[in-house]
Amino acid sequence: MSTPSIVRTNTADLYDAHVLKNYARAPLTLVRGRGAQVWDDAGNAYLDFTSGIAVSALGHCHPHWVAAVQRQAGELIHTSNLYRNPNQGELARRLVGYAGPGRVFFCNSGGEADEGMIKLSRLHGVAKSGVEGKCIKVIVAKNAFHGRMFGGMSATPQEKIQKGFSPLVPGFAVGELNNLESFASQVDADTAAILVESIQGEGGINPCTPEFLLGLRKLCDEHNLLLLVDEVQCGIGRTGNFYAFEAAGIRPDAIAMAKGLGGGFPIGAIWISERHAELFQPGSHGTTFGGTPLACAAGLAVLDVIEREDLLAKVRQHSAPWIAALQQLATDFPAQLATVRGRGFLVGLQLTGDPAPYVAALREQGLLVVAAGNNVIRVLPPLTATPAELARSVEILRAVLVAKA
Ligand SMILES: Cc1ncc(COP(=O)(O)O)c(C=O)c1O
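Parameters at a glance
- Residues numbered from 1 in each chain as written.
- Predicted model: local features only at pLDDT ≥ 70, side-chain atom pairs only at ≥ 80, totals over all residues.
- Heavy atoms only, no water.
- Pairing = 2+ DSSP bridges.
- Helix = DSSP H or I, 4+ residues; strand = E, 2+ residues; numbered from the N terminus.
- Axes fitted to C-alpha atoms, helices over the stretch in contact; angles between N-to-C directions.
- Patch = residues over 30% accessible without salt bridge, like charges linked within 9 Å, V, L, I, M, F, W, Y side chains within 5 Å.
- Areas by Shrake-Rupley, 256 points an atom, 1.4 Å probe, with all protein chains shown as cover.
- Salt bridge = Lys/Arg side-chain N within 4 Å of Asp/Glu carboxyl O.
- Phe/Tyr/Trp six-rings, centres within 6.5 Å; stacked < 30°, edge-to-face > 60°.
- Buried < 20%, exposed > 50% of the residue type's maximum accessible area, 1.4 Å probe, protein only.
- Lys NZ or Arg CZ within 6 Å of the ring centre and 35° of its normal.
- Contact = heavy atoms within 4.5 Å.
- Domains from an automatic or database assignment.
- 1 Å grid on protein atoms, 1.4 Å probe; cavity = no way out; pocket = protein on both sides within 12 Å on 5 of 7 lines; lining within 4 Å.
- Points joined across faces, edges and corners; volume = space filled by probe spheres on them.
- Nonpolar A, V, L, I, M, F, W, Y, C, P; charged D, E, K, R; others polar.

Quick notes on the sheet that holds strand S17 (residues 376-379)
Next up, step 1: Strand order in the open sheet formed by 4 strands is S13-S14-S17-S16, and the pairing between neighbours is antiparallel. Only two strands of the sheet have a single neighbouring strand rather than two, namely strand S13 (337-343) and strand S16 (370-372). Taken over all neighbouring pairs, the strand axes of this sheet differ in orientation by 30° on average, direction set aside.
Next up, step 2: Direction of pairing for S16 relative to S17: antiparallel, over a ladder of 3 bridges. Counterpart to Val370 in the pairing with S17 is Arg378.

Quick notes on a nonpolar patch on the surface
Next up, step 1: Judged by side-chain polarity, Leu14, Tyr15, Val19 and Leu20 come together as a nonpolar surface patch covering roughly 360 Å² of accessible area.
Next up, step 2: Tracing the chain through its elements places Tyr15 in helix H1 (residues 11-18).

Brief notes about the packing of aromatic side chains
Next up, step 1: Scanning all chains against the criterion turns up 6 aromatic pairs.
Next up, step 2: A ring pair is formed by Phe242 and Tyr243, whose centres lie 4.8 Å apart and whose planes are at 85°; its orientation type is edge-to-face.
Next up, step 3: Since its relative accessible area comes to 0%, Tyr243 is described here as buried.
Next up, step 4: Look at Trp322 and Phe345: their rings are 5.7 Å apart centre to centre, the planes differ by 85°, and that puts the pair in the edge-to-face class. With Trp322 in helix H11 (residues 311-332) and Phe345 in the loop between S13 and strand S14 (346-351), the pair connects residues that are 23 residues apart, well separated along the chain.
Next up, step 5: What makes Phe345 buried here is its relative accessible area of 0%.
Next up, step 6: Among the aromatic residues, those joined into a ring-pair cluster are Tyr98, Phe242, Tyr243 and Phe245.
Next up, step 7: The ring of Trp39 carries Arg32 above its face, with NZ or CZ at 4.2 Å from the centroid.
Next up, step 8: The ring of Tyr358 is capped by Lys404, whose NZ or CZ atom sits 5.6 Å from the centre of that ring.

Remarks on the sheet that holds strand S7 (residues 191-197)
Next up, step 1: With respect to topology, 7 strands assemble into an open sheet ordered S4-S12-S11-S10-S7-S5-S6, the strand pairing being mixed. The open sheet has two edge strands, strand S4 (102-107) and strand S6 (172-175), and neither has a second partner. Ignoring which end each strand starts from, the neighbouring axes of this sheet average 20° apart.
Next up, step 2: The strands touched by helix H5 (residues 110-129) are S4, strand S5 (137-141), S6, S7, strand S10 (226-230), strand S11 (254-257) and strand S12 (268-273); relative to S10, the strand with the most contacts, the crossing angle is about 180°.
Next up, step 3: Together, S7 and S10 form the strand contacts of helix H9 (residues 210-223), whose direction differs from that of S7 by roughly 165°.

What to know about the environment of Ala68
Next up, step 1: Along the chain, Ala68 turns up in helix H3 (residues 63-73).
Next up, step 2: The spatial distance from the C-alpha of Ala68 to the C-alpha of Val19 is 32 Å, given a sequence separation of 49 residues.

Considerations on the domain arrangement of the protein chain
Next up, step 1: Split into domains, the protein chain comes out as domain 1 (11-61 + 312-404) and domain 2 (65-308).
Next up, step 2: Relative to domain 2, the C-alpha centre of domain 1 lies at a distance of 26 Å.
Next up, step 3: Seen at the junction of domain 1 and domain 2, the total is 1 salt bridge.
Next up, step 4: Note that Glu202 is salt-bridged to Arg378, the shortest N-O span being 2.7 Å.

Here we look at helix H12 (residues 356-364)
Next up, step 1: Taken together, the buried positions of H12 are Tyr358, Val359, Ala361, Leu362 and Arg363.
Next up, step 2: Looking at the buried positions of H12, the neighbouring elements they touch are strand S3 (45-48), S14, strand S15 (367-368), S16, S17 and helix H13 (387-404).

Some thoughts on the pairing of S7
Next up, step 1: Across the 7 residues that make up S7, a large majority, 7, are buried.
Next up, step 2: Pairing between S5 and S7: 4 bridges, direction parallel. Its bridge partner lying in S7, Val140 is registered against Leu195.
Next up, step 3: In this sheet, S10 lies alongside S7 in parallel orientation, the contact comprising 5 bridges. Among the inter-strand pairings, Ala193 is bridged to a residue of S10, identified as Leu226.

Here we look at the layout of surface pockets
Rolling a probe over the atoms, with the probe sized like a water molecule, indicates the empty space that remains.
Next up, step 1: Put simply, the second largest pocket is a space of about 750 Å³.
Next up, step 2: When residues of the lining of the second largest pocket are traced back to their parent elements, those giving at least two are helix H4 (86-99) and S4.
Next up, step 3: A per-element tally of the lining of the second largest pocket places S4 first, with 5 residues.
Next up, step 4: Of the residues belonging to the lining of the second largest pocket, the class tally is 10 nonpolar, 11 polar and 3 charged.

What follows is the structure in structure tokens.
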């Protein structure tokens, strides 16, 4: 008789034995969340200012969201896109209300949304040049992040993301963020689109200036290029505008969104302007899971709460003193904290060295934050964070900066 295998009940052991080693994961097991707080399996509470990397827009387990998802789970969960479902139509209507006249395609993640926009650029290239495979160039920004699928990864000019996966999808050129000339100089007859994040998230919280976005809009209009904006991380209210590009007063040709849209339930979407929405015809794109009744119920609940609780105004109002307090930290600890960047609840602390020890020390003090590129710590409170919670985050940051001074 063979010896029975050891039954592992410890979560860390289970991970070590069975989960792919593609994350440098923190030694923390989270088991419960309410609002801006999460608890680990030992009962310790943390202020969750990662929001699951800009996902839990309403915090954890908002009662309206929970009720909507529970209700829908007991009604109808999935039907595929072979049929209509009322929630998808309603969510599309409401997103069009924020974005402008156009149409919405639902998918399941930010990566898929970006992939769909890149496919849109190819269709536009064919329509523009009349030739398949010729007009395919998409100009992206240095330090961009557009996901991990082949199109998005190829649009992500970062060695750590692309290494090992060649050959990449061809056709991507790279411009300097906020340098219009470096984009304009690369536009030629074979260029189909420009793709940017309104505020780069993974790259280290690098906002496009309004002038730059306005300049890109003009450039695209002059050369019949699509302006594709990736709002996966910075959209859905995180900056105090529903979409971050609104601050520049532009309207893109397509918008990718995900993360905060489901408030924790996986959903992604592309909005495409009326003018270009017909580029996709039956058969040219699709997904089994996108826009299920359940995912769209989660999305609708997020929009309900953003609207009913006036969260866009609250993010603007509460972020102003909070960012000022963070900037004061940069003034007080210049040897460690160089600058504070971002808008609303999408804030990056540019450290002078490696963020990893700071992220760990903050966690030990009860504040969860997430590192980004270029030695940046991202601080991403839920849109529902209270002034007291925001003030508490500053206290913890100050204590860690003092301890490491
Ligand atoms: C701007 C941006 N685009 C795309 C993605 C990819 O989204 P997902 O991880 O849902 O595929 C991310 C994820 O961090 C992102 O920040």
